Amino acid sequence: MPATFTQSALLLSLLLGLGQAQAASEPGPAALATRMGIPHPAVIAHRGASFDAPESTAAAYKLARDLGADYLELDLQRSKDGVLFALHDNNLQRTTDVASKFPERKDSPANAFTMAELKTLDAGSWFNAAYPDRARPAFAGLKILTLDEIIDIAQGNPLHKPGLYIETKEPKQFPGIEHDLKEKLQDRGWLSPAGSKLAKSELSVGQGKGKVVLQTFEKSSLELLQKEMPQVPKILLLWVGEGNIEPKSTVTFAQSGDTDKAAYYAKQQPKDKAEFQRWVDYAKAQGAIGTGPSAALTQGGDQSYADLVQPWMNQYTHDQGLLVHVYTIDEAVDYQKVMAAGVDGIFTNRASELLKFYKRPAAASVAQVIRNNGY
């Protein structure tokens, strides 16, 4: 009896030890992020601090950097003469004065303009008109930025160097943009391997191995990014709709009778559980380290989409060894909701608020930082 008991105890301790070893070899999302040099949870400044300054301009990116955001996020396009620059929309009318500078070309896509032409545009005054409570005279006349200029901004604060979180936007319009991006990042030293020190804290992300994250909605672009830059972390962006996750309902917004697009989007769901899982599995198979899903916001609004950060979805993604970075969230109630559901980082227009929520408040106020940068 004692011998049998000893053998049983030994077997039990052996099994427990194996279980612990297995658990250690299957790290949770925080350990995975640390291994990649990606802060956890991550503060991703969507087009810069774009709630408080005109999106994708120097004012917005300098503000996000100096507040302490982990990443400066941008949408990458290429000018007619081959220069990489940051702009979200395909068309220039929402955020520039293209209609007055180039009236006959105002409907042309941004890539139909040379960089010199794009640099003549005012990319700041629209913000003052749209948000008078946040307007500043110095925002008028702000310029569209090249990728080079954004890299300069990311490197420009000796106390905090954020990383870059770069989206290939409508990449089929820009054949070869993945290769162009690799060449530029290589030229600027942003693809060089980090030293022996990993990014040990949020403050060193721009010097660590996770200093560049690449993102795209396009499967073909993810494959090209993986081919060009296999070592760089990649995220497959997710939403429910044409070209991405197939919806359960085929009723369009126009057919739905909904007057509010946010309400319509919030009702959209993947066709079934397997359809969501297929996209996560695809991301992993193509070398992505995570997904970037949409969320439904408490107050609705034009950033509110299908809820793709339900706990089971995040759990499935984590079970595949992938991270979840959700877009685009600006309110504390929603920060709380998505973090409780299990996300690993947040795209936000309000870096200052998300940093406060994560108990990493900036040393200076938004207004002070804007003033310090000459705006």
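Residues numbered from 1 in each chain as written. Predicted model: local features only at pLDDT ≥ 70, side-chain atom pairs only at ≥ 80, totals over all residues. Heavy atoms only, no water.

In this section: the pattern of salt bridges. Counted according to the given criterion, the structure contains 23 salt bridges. The closest approach of N and O atoms between Arg 134 and Asp 133, which form a salt bridge, is 3.8 Å. The exposure class assigned to Asp 133 is exposed, which follows from its relative accessible area of 63%. Residue Arg 188 pairs with Asp 148 through a salt bridge whose shortest N-O separation is 2.6 Å. Here Arg 188 is found in the loop between helix H8 (177-187) and strand E5 (212-216), whereas its partner Asp 148 is found in helix H7 (residues 147-154), with 40 residues between them in sequence. Sharing partners across several salt bridges, the network here consists of Arg 47, Glu 55, Asp 75, Asp 89, Arg 94, Glu 167 and Lys 169. (Salt bridge = Lys/Arg side-chain N within 4 Å of Asp/Glu carboxyl O. Buried < 20%, exposed > 50% of the residue type's maximum accessible area, 1.4 Å probe, protein only. Helix = DSSP H or I, 4+ residues; strand = E, 2+ residues; numbered from the N terminus.)

This part takes up helix H13 (residues 311-319). Among all positions of H13, only Met 313, Asn 314, Tyr 316, Thr 317 and His 318 are buried. Elements that come into contact with the buried residues of H13 comprise helix H2 (29-36), helix H12 (273-285), strand E7 (290-293), strand E8 (323-326) and helix H14 (332-341). Immediately beyond the C-terminal end of H13, within one or two residues, lies Gly 321, with a positive phi of roughly 80°. (Contact = heavy atoms within 4.5 Å.)

Looking now at the nonpolar core. Ranked by internal contacts, the top residues of the largest apolar core, which has 57 residues, are Leu 74, Leu 164, Ile 166, Leu 181 and Ile 346. Per-element accounting of this core gives the leading share, seven residues, to helix H3 (residues 58-67). Sequence-distant contacts of Ile 346, defined by excluding residues within four places in its chain, comprise Ala 42, Val 43, Ile 44, Val 326, Ile 329, Tyr 335, Val 338, Met 339, Leu 354 and Tyr 358. (Core = buried A, V, L, I, M, F, W, Y, C linked by side-chain atoms within 4.5 Å.)

What follows covers helix H9 (residues 219-228). Inspection of H9 places Ser 221, Leu 222, Leu 225 and Glu 228 among the buried residues, and these make up the whole buried set. Viewed along the axis of H9, the buried residues span an arc of 130°, placing them on a single side of the element. Each element contacted by the buried residues of H9 is listed here: strand E4 (163-168), H8, E5, strand E6 (234-238) and H12. (Arc of directions from axis to C-beta.)

Where H9 contacts H12, the axes come no closer than 10 Å and their chain directions differ by 20°. One way to sum up the angle between H9 and H12 is to call them roughly parallel. The way H9 lies across H12 gives a crossing that is right-handed. Across the interface between the two elements, Lys 219, Leu 222 and Glu 223 of H9 pack against Trp 279, Tyr 282 and Ala 283 of H12. When its residues are assigned to classes, the contact of H9 with H12 shows four nonpolar, no polar and two charged. (Axes fitted to C-alpha atoms, helices over the stretch in contact; angles between N-to-C directions. Parallel < 35°, antiparallel > 145°, perpendicular 65-115°, else oblique. Left-handed = near helix turned anticlockwise from the far one by under 90°. Nonpolar A, V, L, I, M, F, W, Y, C, P; charged D, E, K, R; others polar.)

In this section: the environment of Asp 152. Mapped onto the secondary structure, Asp 152 falls in helix H7. Judged by its relative accessible area of 42%, Asp 152 falls in the partly exposed class. When the C-alpha positions of Asp 152 and Arg 188 are compared, they lie 9.5 Å apart, and in sequence the two are 36 residues distant.

Attention now moves to the packing of H3 against H7. One can describe the packing of H3 onto H7 by two numbers: an axis separation of 9 Å at closest approach and a directional angle of 30°. Overall, the two elements H3 and H7 adopt an arrangement that is roughly parallel. Along this stretch, H3 crosses H7, giving a crossing that reads as right-handed. Across the interface between the two elements, Ala 58, Tyr 61, Lys 62 and Arg 65 from H3 touch Ile 150, Ile 153 and Ala 154 from H7. For the contact of H3 with H7, the residue count by class is five nonpolar, no polar and two charged.

Moving on, we get to the packing of aromatic side chains. One pass over the full model with this rule turns up 18 aromatic pairs. Taken together, a centroid distance of 6.3 Å and an interplanar angle of 70° make the contact between Trp 126 and Tyr 131 edge-to-face. With a relative accessible area of 17%, Trp 126 lands in the buried category. In textbook terms, an aromatic cluster arises when at least three aromatic residues are bridged by ring pairs, as seen for Tyr 71, Tyr 165, Phe 217, Trp 239, Phe 253, Tyr 264, Tyr 265, Tyr 305, Tyr 327 and Phe 347. For the cation-ring pair, Arg 94 lies above Trp 126, with the distance from its terminal atom to the ring centre recorded as 5.7 Å. (Phe/Tyr/Trp six-rings, centres within 6.5 Å; stacked < 30°, edge-to-face > 60°. Lys NZ or Arg CZ within 6 Å of the ring centre and 35° of its normal.)

Across the six residues of E4, six count as buried, placing the element largely inside the fold. The side-chain alternation of E4 yields two buried faces, one formed by Gly 163, Tyr 165 and Glu 167 and the other by Leu 164, Ile 166 and Thr 168. Pairing of E4 with E5 involves four bridges; the strand directions are parallel. Across the sheet, the residue bridging to Tyr 165 is Val 213, located in E5. (Pairing = 2+ DSSP bridges.)

Just distances and angles here, no functional claims.
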